[in-house]
Amino acid sequence: MTAGADEAPLAPVMTAHRAGLLGCRSCGRVWPQDHAICDRCGAALVPPDRRGLQYVWAWWLAGLVMYVPANLFPMMRTQTFAGLQGSSEATILEGVVELMHYGNYDIAIIVFVASVIVPMAKFLSIAWLAMVAGRPATVEQAHTRLKIYEVVEFIGRWSMIDVFVVAILSALVQLGFVASIHPGPAAVSFALSVAFTMLSAQSFDPRLIWRGLPLRSRTDDQGKD
Amino acid sequence: MLPCALLQGVYLAPMDTRDGFDLTTGRGLMACPRCDALHVEEELDAGETLRCVRCGGLLAKPRGGAFVQLIALSFTTVVLMMGAIFFPFLEISRMGFGNATSLFGVALAFADGVLLPLVLAVMVMIVGLPVLRAFLLVYTLAPLAQGRAPYRHAARAFRWTELLRPWSMAEIFVIGTAVALVKVAGLATVHLGPAFWAFCALILVNLASRGFMCQTTIWDAIEDAGLPTDGREAVGGPVP
């Protein structure tokens, strides 16, 4: 830490938006507001306003829709002794219950957290962030929101674990007569759900979190929108 | 090497053109990508770390010799990935029945019916993107490390390197393997192949690479080394 966050909240901070400029989210370069594309890195320049939230909500909804079949359909089908000992189809939750049944509590917790808790928390967090984005907030609230955003962005891709587990098990456990595991349709919809929520989190513009802070030039700010 | 001093608490009137930056065109300024706070670009020494005055996010952390290290680590990634593809990955056996799988086998597990697109997605996420990102990074950094002008489209190459970062999931795949192994452990005996260890090594390489990576420094180096821009570059000396 050089210039600490501790001294930051004291004075209003000059932002690119307040200066009538546009910052590039990809490389940080600052351009006049009529620029559409960053000349340095070639990324599209987007003003930090609530219009961008449409993308967030669109991907969010797509992710939520795909999450329903991901829980209803079986994730994988296990066949032991050519079906003589029964072949079982397990959805995500049934898989967790099965793991607990065999006493693998630690793995059951990992799978439960990765494929149930994390996706749920992600949907709720993104929805909440998108709803409060741009609303007035204190500096502490803004820091909390940014933290949540960073956690969501970081953790999103880890939900893909479940898809990989199914892939590895299906490739590995092909013991002919003894046991075999086949992937179920839920694997696809779960993978899509994770991908869509990742896109949703990426579409969220964290600069919006800070737009709602009380500013010295608040009226100017509103006039610009 | 680059930024930044801070415009903290200073209200600058538009048209203010103090030395080094220009509030009407944005020359010599940098905006925090997370909170939009403006910072004045300034040279940082290797080893220094710059955080945003407002949100505390990391803005720049130039490290000495980072470009060469990043290039070396990119090559390491490609070599390890080649090993991971061609060596056996996992092998199980039970009651005389055995099955070995390579990385391709894992992806092809989804190769029937509706699951077919998932084969491609899994291969891209665990093999394709890490290798592609390594090549793009070498393409961007190789000329910069030698102090020459960057290749054409270096800026685009680096932007894609960063865009694809969240989709490159080799490390998640390794954790997935660990979970799968515990699930299988009761069912059969498992042997770990060289490809598995190559993947574990990839995680370490990835972590090291992340430690040397400073996007701001690389963007600035691309610009300094003369990728065609509009010539507003203000870093590294007095502005005319």
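What you see is a predicted model; the values in this text were computed from it and never measured.

(A) Main features of the overall build of chain A. If you tally the helices and strands in chain A, you get eight helices and five strands. Put simply, 63% of the contacts in chain A that link residues at least 6 apart link residues at least 24 apart. Summing over all exposed atoms, chain A offers an accessible surface of approximately 9,900 Å²; the carbon and sulfur share of this is 66%.

(B) Representation of the layout of surface pockets. In this structure, the second largest pocket occupies an estimated 650 Å³ of space. If you trace the second largest pocket, you find 27 residues lining it, with A:Thr78, A:Glu98, A:Leu99, A:Tyr102 and B:Lys183 closest to the centre. Counting residues per element, the ones that place at least two in the lining of the second largest pocket are strand E3 (76–80), strand E4 (87–90), helix H2 (92–101) and helix H5 (161–172) of chain A together with helix H5 (170–185) of chain B. For the lining of the second largest pocket, the element with the most residues is H2(A), which contributes five residues. For the lining of the second largest pocket, the class distribution of residues is 15 nonpolar, nine polar and three charged.

(C) Here's a closer look at the UniProt feature "transmembrane region" (unreviewed entry) in chain B. Residues and elements named next belong to chain B. If you check UniProt for "transmembrane region" (unreviewed entry), the listed places come out as residues 66–90, 97–116, 122–142, 163–182 and 188–208 in our numbering. Across residues 163–182, the secondary structure splits into 75% helix and 0% strand, with the terminal C-alpha atoms separated by 33 Å. Summarising residues 188–208: 71% helix, 19% strand, and an end-to-end C-alpha distance of 35 Å.

(D) Structural detail: the packing of aromatic side chains. According to the stated counting rule, one finds 14 aromatic pairs over all chains in the structure shown. Relative to B:Phe196, the ring of B:Phe89 has its centre 6.4 Å away and its plane inclined at 50°; by these criteria the two rings are tilted. With a gap of 107 residues between them, B:Phe89 in the loop between helix H1 (66–86) and strand E6 (90–94) and B:Phe196 in helix H6 (residues 194–212) connect regions that are remote in the sequence. Residues B:Phe89 and B:Phe196 agree in their burial class; the two are buried. Ring-pair connections join several aromatic residues into one group, and the members of that group are A:Phe164, B:Phe89, B:Phe173, B:Phe196, B:Trp197 and B:Phe199.

(E) Looking closely at the packing of H5(B) against H6(B). All names here are of chain B. Two elements in contact, H5 and H6, have axes separated by 9 Å at closest approach and are oriented at 140°. Regarding the angle of H5 to H6, the classification is oblique. In this structure, H5 crosses over H6, and the sense of that crossing is left-handed. Contacts between H5 and H6 involve Ala-170, Glu-171, Phe-173, Val-174, Thr-177 and Leu-181 from the first element and Phe-196, Phe-199, Cys-200, Ile-203 and Asn-206 from the second. Looking at the contact of H5 with H6 residue by residue, the class counts come to eight nonpolar, two polar and one charged.

(F) Broad picture of empty space enclosed by the protein. All names here are of chain B. Enumeration over the complete set of coordinates arrives at three cavities of 30 Å³ or more. Roughly 250 Å³ of volume is contained in the largest cavity. Around the largest cavity, the lining is made up of 17 residues, and of these Thr-77, Pro-130, Arg-133, Asn-206 and Ser-209 lie nearest the centre. By residue number, the principal contributor to the lining of the largest cavity is H6, which donates five residues.

(G) Focus on the interface of chain A and chain B. In this complex, chain A contributes 77 residues to the contact, which on the side of chain B involves 76 residues. The junction of chain A with chain B conceals about 6,700 Å² of combined surface from both sides, 69% of it contributed by carbon and sulfur atoms. Linking A:Arg40 and B:Glu223 is a salt bridge whose minimum nitrogen-to-oxygen distance equals 3.0 Å. For the interface between chain A and chain B, the tally reads 15 residue pairs in polar contact (both at pLDDT 80 or more). Mapped by element, the contributors of at least two residues to the side of chain A that touches chain B are strand E1 (21–23), strand E2 (30–32), helix H3 (105–132), helix H4 (139–155), H5, strand E5 (179–183), helix H6 (186–203) and helix H7 (207–211) of chain A. Per-element accounting of the side of chain A that touches chain B gives the leading share, 11 residues, to H5(A).

(H) Representation of the packing of H3(A) against H4(A) in the model. All names here are of chain A. The geometry of H3 relative to H4 is characterised by a closest axis approach of 10 Å and an angle of 140° between their N-to-C directions. Considering the angle they form, H3 stands oblique to H4. Read as a crossing pair, H3 and H4 show a hand that is left-handed. In this structure, H3 contributes Val-118, Lys-122, Ser-125, Ile-126, Trp-128, Leu-129 and Val-132 to the contact, and H4 contributes Arg-145, Ile-148, Tyr-149, Val-152 and Ile-155. Looking at the contact of H3 with H4 residue by residue, the class counts come to nine nonpolar, one polar and two charged.

Analysis parameters
Residues numbered from 1 in each chain as written. Chains lettered and ligands numbered in written order. Predicted model: local features only at pLDDT ≥ 70, side-chain atom pairs only at ≥ 80, totals over all residues. Heavy atoms only, no water. Helix = DSSP H or I, 4+ residues; strand = E, 2+ residues; numbered from the N terminus. Contact = heavy atoms within 4.5 Å. Areas by Shrake-Rupley, 256 points an atom, 1.4 Å probe, with all protein chains shown as cover. 1 Å grid on protein atoms, 1.4 Å probe; cavity = no way out; pocket = protein on both sides within 12 Å on 5 of 7 lines; lining within 4 Å. Points joined across faces, edges and corners; volume = space filled by probe spheres on them. Nonpolar A, V, L, I, M, F, W, Y, C, P; charged D, E, K, R; others polar. UniProt positions renumbered as here; feature names shortened; annotations may be inferred. Phe/Tyr/Trp six-rings, centres within 6.5 Å; stacked < 30°, edge-to-face > 60°. Buried < 20%, exposed > 50% of the residue type's maximum accessible area, 1.4 Å probe, protein only. Axes fitted to C-alpha atoms, helices over the stretch in contact; angles between N-to-C directions. Parallel < 35°, antiparallel > 145°, perpendicular 65-115°, else oblique. Left-handed = near helix turned anticlockwise from the far one by under 90°. Buried area = accessible area lost by both parts, 1.4 Å probe. Salt bridge = Lys/Arg side-chain N within 4 Å of Asp/Glu carboxyl O. Polar contact = N/O pair within 3.5 Å; in protein donor to acceptor, adjacent residues only side chain to side chain.

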